[in-house]
Protein chains: 2
Amino acid sequence: MDSASSMPESDELILEGIVTTQDAVGNLNIAPMGPRVDRRITRLVLRPFQSAVTYRNLKATAFGVFYITDDVELLARAAVGHLQQPELAAIEGFPCPRLADCCRWLAFRVQSLDDSSERTTIECRIAAQGEVRPFFGFNRAKHAVVEAAILATRIGILDGDEIRRELARLEIPVQKTAGLQERRAFEFLQEYINSRLSTSDL
Amino acid sequence: MDSASSMPESDELILEGIVTTQDAVGNLNIAPMGPRVDRRITRLVLRPFQSAVTYRNLKATAFGVFYITDDVELLARAAVGHLQQPELAAIEGFPCPRLADCCRWLAFRVQSLDDSSERTTIECRIAAQGEVRPFFGFNRAKHAVVEAAILATRIGILDGDEIRRELARLEIPVQKTAGLQERRAFEFLQEYINSRLSTSDL
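Asks: I'm lost on the overall build of chain A in this one. Help?
Replies: When its secondary structure is counted, chain A shows 6 helices and 10 strands. A compact globule built from 202 residues would reach a C-alpha radius of gyration of about 17 Å, and chain A, at 17 Å, matches this within 12%. Across its three principal axes, chain A shows a C-alpha extent of roughly 45 × 40 × 35 Å. Considering only residue pairs separated by 6 or more positions, chain A has 67% of its internal contacts joining residues 24 or more positions apart. Working note: accessible area of chain A is about 9400 Å², and carbon and sulfur atoms make up 48% of it. Side-chain charges of chain A comprise 24 positive and 28 negative groups, with the mean position of each set lying 2 Å from the other.

So this is what it looks like as structure tokens:
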């Protein structure tokens, strides 16, 4: 059941960011995720598939960290699993480290986990949080990268021509409004998507 | 001359926000604006048309305030000139007040103003700044409102059917990811655009 449809008048919305979790022996996983949150972000509802590492780790350890970031290169690379090991920082009194660079981090604990269906529902409470640097603000190119990263995760689900058309449309705001980071991130995703699509066309 | 094309390797990007200015007798003007900025936002390059109040005010007074905000209702209403008088706060040692609610405010002074062409180029230096509350982060519905607000300002420039098609496309992420503020802002712009388009169809 989707919390949006069950509570149409509640002020909840989707926040696109990053989640880090650890497995039982401490291996870090970094995944883009769009939890449903209340506007003040006191709780997160994550809905990973049972095939996702985030689901397995949260089931095993119950702890994770969510990040609000404007770093679209991080988001783009995390979306397709092409990340270098990032710099980490400890969170006092919390069992998981956090990414050193982000706008805000929100350390959370799983409160309930429903895995009766393939797509799980994991309710989390914020245990600690901090602000590292301010979010840049609205930039159409950053947003185009977020959309392109979502497209990249839908190869094999959406039609290839539809993905190509969307990607061509997203290139326009990138040309008009991007800085270097946004341009690099978009080109990285273009190359990734084009190479995956040309392979699947064979 | 566009600074993007003249300095392709510089890390400048477009930041969509709000500018407030005052005329010579202190009347406040609030306008959405997308200045070109460096990534650390130490300077702004505004490019208002000579018909814009922001241009006339900056030419007369040389002072203004730029805002980074995630309040898409404010952006939507400012884009079409349907704003109530907002709450203001004084900035110590600066001649203009600022909007009380925003994520960040950046008080600026005009450094150079080139109005040799219809679209002016106004270079501004940040004189003072402050953070009021953190920016929400990436939300696809907020971004759809930003795009819809840009569409609203292009009625009469873009083809009506193209505007309707874009608006229909933008409604999808609003349905999926909006909270109450984003939904109100999008519906406000839908009504505004539809009523303006049906008038111009007559």
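Asks: I'm lost on the sheet that holds strand β4 (residues 36-38) of chain B in this one. Help?
Replies: Consider a sheet: its strands pair through backbone hydrogen bonds, and that pairing is either parallel or antiparallel. Residues and elements named next belong to chain B. The antiparallel open sheet is built from 8 strands, whose spatial order is β1-β4-β5-β10-β9-β6-β2-β3. Looking at strand neighbours, the two that pair on one side only are β1 (12-14) and β3 (28-33), the edges of this open sheet. The mean angle between the axes of side-by-side strands here comes to 30 degrees, regardless of whether they run parallel or antiparallel. Looking at chain direction, strand β6 (residues 63-68) and strand β9 (residues 104-114) are connected through 6 bridges and run antiparallel. Across the sheet, I68 pairs through a bridge with R104, a residue of β9. In the packing of helix α2 (residues 53-61) onto the sheet, contacts are made with β2 (17-22), β3, β5 (43-46), β6, β9 and β10 (121-131), and the angle to β2 comes to roughly 50 degrees.

Asks: Please clarify how the relation of the copies chain B and chain A should be interpreted in this entry.
Replies: Each of the two chain copies can be generated from the other by rotation about an axis followed by a shift along it. It takes a turn of 180 degrees to lay chain B on chain A, together with a shift of 0.0 Å along the axis; the resulting RMSD is 0.0 Å. The two molecules are tied by a two-fold rotation axis, judged by turn and shift. Rotation axis and chain B: the residue whose C-alpha lies nearest the axis is F135 of chain B, separated from it by 3.0 Å. A shared binding surface is used by both copies, with 100% of the interface residues of chain B retained as interface residues in chain A.

Asks: Please clarify how the interface of chain B and chain A should be interpreted in this entry.
Replies: Many descriptions give the size of an interface as the accessible area lost when the pieces come together. Tallying the contact residues gives 40 residues for chain B and 40 residues for chain A. Taking both sides of the interface into account, the surface hidden between chain B and chain A amounts to around 3400 Å²; carbon and sulfur atoms contribute 59%. The three residues of chain B that bury the most area against chain A are F136, F138 and R140 of chain B, which together make up 27% of that side's buried surface. At the boundary of chain B and chain A, one finds 4 salt bridges. Where chain B meets chain A, there are 13 residue pairs in polar contact (both at pLDDT 80 or more). The set of elements that each furnish at least two residues to the side of chain B that touches chain A consists of β1, β4, α3 (72-80), α4 (140-152), α5 (160-177) and α6 (180-201) of chain B.

Asks: How should the pairing of β6 of chain B be read in this particular structure?
Replies: Regular strands show a simple pattern: their side chains alternate between the two faces of the sheet. Residue and element names in this part refer to chain B. In terms of burial, β6 is largely enclosed, as 6 of its 6 residues are buried. Side chains F63, V65 and Y67 project from β6 onto one buried face, and the interleaved G64, F66 and I68 project onto a second face that is buried too. The sheet contact formed by β2 and β6 spans 4 bridges and is antiparallel. Looking at the pairing, I18 lines up with Y67 of β6.

Asks: Can you walk me through the state of the cysteines in this structure?
Replies: The term disulfide refers to a covalent linkage connecting the sulfur atoms of a pair of cysteines. Within this structure, the stated rule accounts for 0 disulfides over all chains. Lacking any disulfide linkage, C102 of chain B is separated from the closest cysteine sulfur, that of C103 of chain B, by 6.9 Å.

Asks: It is not clear to me how the side chain of E12 of chain B should be interpreted in this structure. Could you clarify?
Replies: All names here are of chain B. The residue E12 is located in strand β1 in this model. What makes E12 buried here is its relative accessible area of 8%. A distance of 2.9 Å separates polar atoms of two side chains, one belonging to E12 and the other to R43.

Asks: What should I look at first to understand the side chain of T177 of chain B in this one?
Replies: Of note, T177 of chain B is situated in helix α5. For T177 of chain B, a relative accessible area of 4% translates into the label buried. At 2.8 Å, the side chain of T177 of chain B forms a polar contact with the backbone oxygen of P173 of chain B. Residues within four places of T177 of chain B in sequence aside, it is in contact with L13 and I14 of chain A together with N139, R140 and A141 of chain B.

Asks: For this particular structure, what's the right way to read the environment of G156 of chain A?
Replies: Take G156 of chain A: it is sitting in the loop between α4 (140-152) and α5 (160-177). Linking G156 of chain A and L189 of chain A, residues 33 residues apart in sequence, is a C-alpha distance of 16 Å.

Asks: Explain the environment of F135 of chain A to me, please; I cannot follow it from the model alone.
Replies: Checked against the element boundaries, F135 of chain A lands in the loop between β10 (121-131) and α4. Here F135 of chain A falls in the buried class, since its relative accessible area comes to 5%. Sequence separation of F135 of chain A and C103 of chain A is 32 residues, and the distance between their C-alpha atoms is 5.6 Å. With residues near it in sequence (within four places) discarded, F135 of chain A still touches I68, T69, D70 and C103 of chain A together with F135, G137 and F138 of chain B.

Conventions we followed
Residues numbered from 1 in each chain as written. Chains lettered and ligands numbered in written order. Predicted model: local features only at pLDDT ≥ 70, side-chain atom pairs only at ≥ 80, totals over all residues. Heavy atoms only, no water. Helix = DSSP H or I, 4+ residues; strand = E, 2+ residues; numbered from the N terminus. Rg over C-alpha atoms; globule rule 2.2 N^0.38 Å. Contact = heavy atoms within 4.5 Å. Areas by Shrake-Rupley, 256 points an atom, 1.4 Å probe, with all protein chains shown as cover. Lys, Arg positive; Asp, Glu negative; His and termini not counted. Charge placed at Lys NZ, Arg CZ, Asp CG, Glu CD. Pairing = 2+ DSSP bridges. Axes fitted to C-alpha atoms, helices over the stretch in contact; angles between N-to-C directions. Least-squares fit on C-alpha atoms with pLDDT ≥ 70 in both. Buried area = accessible area lost by both parts, 1.4 Å probe. Salt bridge = Lys/Arg side-chain N within 4 Å of Asp/Glu carboxyl O. Polar contact = N/O pair within 3.5 Å; in protein donor to acceptor, adjacent residues only side chain to side chain. Buried < 20%, exposed > 50% of the residue type's maximum accessible area, 1.4 Å probe, protein only. Disulfide = S-S within 2.5 Å.

It is worth stressing that arrangement in space is one thing and function is another; only the former is reported here.
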